[in-house]
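Below, each chain spelled out in residue letters.
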Amino acid sequence: MAQATTTGLETREYQLFINGEWVAPRSGETRERRNPANLNDVVARFPWADEADTERAVQAARAAFDGGDWPRMPARERAHVLLKAAARLREEAPNLAVLLTREVGKPIREAFGEVLATADVLEYYGGMALDVKGEAISNFVPTAFGITIREPVGVAAIITPWNFPLLLASWKLAPALAIGCTTVSKPSDLTPCTTFELARILQEAGAPPGVVNVVTGDGPTVGGYLAASHSVDKIAFTGSTATGRKVMQAASGNLKKISLELGGKSPNIIFEDADLDEAVQGALFGIFLNQGEVCQAGSRLLVQASVHDQVVERLVAATRALKPGNPLDRNTTMGAIVSQAQLEKIQHYLEAGQKEGADLLVGGQRLTGGEYDQGYYVQPTIFDGVRNEMTIARDEIFGPVLAVIPFQDADDALRIANDTIYGLAAGVWTRNVDTMFAMFKGLKAGMVFGNCYHSAGLSQLPFGGYKQSGIGRELGTHGLDLFTEVKSLQLRLH
């Protein structure tokens, strides 16, 4: 982080990346991305593709898979590309972090961490490329021998959101490339820059033409075309549950494989015997990381009634000490909201919480005056006295808004925590091992954090959720499975 710089704030110009070349969209249309923290800063101009441009990218990936070297080359060569790209990401981390901050609005420290985490993912799957194994079945009957092998699924379309645009692209690209798939990526039109840069880095690291393609444009047009295309074998999508349903419907045309990482309304549960100082800090990190624009954010804070007042008092004091502001300032602890539309959505829920009778303890408004008038800023907000049936406890807000809900005992906590359509993540804070494991088993969530939130440092554990939080698991060996077909071979012996 000491090497991070705020130089190089020029406006970047991008074209579509198709078949190893930068090409203009057929229409010549472009869009502009402005820094959500400073609307006078034009981060980039990028192409606006239509269905014909998208088809061109799909066919480039199709040709590279059906007749190219990538799926057929030795695994060590694919691994070398991923490892070389990871090294390049680390070299370029200072400038990439600035670009990421400018296009997303997140604090520079968090952006720097995202770049390094992306490099870690590429390195991990570079190693995994060398460790793809099948099974041998040799003792079932004396006259036959069986083998299972894993093969790349084919052309993978990757659709990613705006909150962690570089990292979430790598969660899909890295395993897809490691196993030998070819890809077409469609980043959010709010944050396309770092996906283009990742494609450049992968090409410079040795990915052949057609293996990595990037197309930007309208979600229903480009994303919808990818989801429906009969030339695409796999869709990997991260985004809202509502959009995930549409992607799933469009993908049904050729029954392509699909993985969906969707929304959440995750409970973060503090028991009376927890280390309250650690729990409060974990609750703040759980909700205010990346301005709360995190799918697994601990947006419902369940606090045992006996320590409720202590926890709330500490939460409010710690929230008031946060420093929202210019995300390029290294002292900033919360940056800007990604767009006007997202800001308006958050404001809607701030009003809804108050109308439904929740107690507004801190925040609750847009930040204005001085540098705040240049971008989209909102106060970090805490509501207390929230009932689980309230809108702010049901809907995914995707902003820095925490709903505090009291509970009586472990059974009450489980009842409240699981009373949601989502099941992405949960957190538990307690010193009691029996309580911890009872909650681990009882919570209906794909990821449960004990005495931490977001991570305990185990970055490659599977990521995904129960219920309407998605289908499939990313990261780890499970992430590789999403991009493979399993073939069973039977040989009769003479």
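Heads up: the structure comes first, above all this text.
Residues numbered from 1 in each chain as written. Predicted model: local features only at pLDDT ≥ 70, side-chain atom pairs only at ≥ 80, totals over all residues. Heavy atoms only, no water.

Draft legend 1. Here's a closer look at the overall build of the protein. The helix and strand tally for the protein stands at 15 helices and 23 strands. Here the C-alpha radius of gyration of the protein, 23 Å, is about what a compact globule of 494 residues would show, namely 23 Å. For the protein, the spread of C-alpha atoms along the principal axes amounts to about 75 × 65 × 45 Å. Here the protein, with 494 residues, has 57% of them falling under the buried criterion. A sequence separation of at least 24 residues applies to 74% of the contacts in the protein between residues at least 6 apart. In the structure as shown, the protein presents an accessible area of about 19700 Å², 51% of it carried by carbon and sulfur atoms. (Helix = DSSP H or I, 4+ residues; strand = E, 2+ residues; numbered from the N terminus. Rg over C-alpha atoms; globule rule 2.2 N^0.38 Å. Buried < 20%, exposed > 50% of the residue type's maximum accessible area, 1.4 Å probe, protein only. Contact = heavy atoms within 4.5 Å. Areas by Shrake-Rupley, 256 points an atom, 1.4 Å probe, with all protein chains shown as cover.)

Draft legend 2. Summary view of unusual backbone geometry. We note that Asn19 has phi near 55°; this positive angle belongs to a residue other than glycine. Within the secondary structure layout, Asn19 lies in the loop between β2 (16–18) and β3 (21–23). Looking at Asn19, the relative accessible area reads 39%, which means it is partly exposed.

Draft legend 3. Quick look at helix α7 (residues 219–228). Burial in α7 covers these residues: Val222, Gly223, Leu226 and Ala227. One face of α7 carries all of its buried residues, which in axial projection span an arc of 130°. (Arc of directions from axis to C-beta.)

Draft legend 4. Local environment of the pattern of salt bridges. Inspection of every chain in the model, using the stated rule, returns 30 salt bridges. The salt bridge partner of Glu204 is Arg88, with a shortest N-O separation of 2.5 Å. Of this pair, Glu204 sits in helix α6 (residues 193–204) while Arg88 is found in helix α2 (residues 75–91), placing the two residues 116 residues apart along the sequence. A relative accessible area of 26% means that Arg88 is categorised as partly exposed. Of the charged contacts in the structure, one is a salt bridge between Arg200 and Glu197, with a shortest N-O distance of 2.8 Å. Here Arg200 pairs with Glu197, and both are found in helix α6, just three residues apart, close to one helical turn. Comparing Arg200 with Glu197 shows no difference in burial state: the two are buried. Here the residues in one salt-bridge network are Glu10, Arg12, Arg88, Glu91, Glu92, Glu197, Arg200 and Glu204, joined through shared partners. (Salt bridge = Lys/Arg side-chain N within 4 Å of Asp/Glu carboxyl O.)

Draft legend 5. Local environment of the sheet that holds strand β14 (residues 300–304). Spatially, seven strands are ordered β15-β16-β17-β14-β13-β19-β20 in an open sheet, and the strand pairing comes out mixed. Looking at the sheet topology across the chains shown, the edges are occupied by β15 (359–362) and β20 (447–450). Geometrically, the sheet is characterised by an average inter-axis angle of 25° between neighbouring strands, direction not taken into account. Of the pairings in the sheet, the one linking strand β16 (residues 381–384) to strand β17 (residues 401–407) comprises three bridges and is parallel in character. Counted as the bridge partner of Phe383 is Ala403 from β17. Lying on the sheet, helix α10 (residues 308–320) is in contact with β13 (267–270), β14, β15, β16 and β17; it crosses β15 at an angle near 50°. (Pairing = 2+ DSSP bridges. Axes fitted to C-alpha atoms, helices over the stretch in contact; angles between N-to-C directions.)

Draft legend 6. Spatial organisation of the packing of helix α1 (residues 51–67) against α7. Running from N to C, α1 and α7 cross one another at 40°; their axes reach a closest spacing of 9 Å. In terms of axis orientation, α1 runs oblique to α7. Relative to α7, the crossing made by α1 is right-handed. Between α1 and α7, the residues in contact are Glu51, Thr54, Glu55 and Val58 and Thr221, Val222, Tyr225 and Leu226, respectively. (Parallel < 35°, antiparallel > 145°, perpendicular 65-115°, else oblique. Left-handed = near helix turned anticlockwise from the far one by under 90°.)

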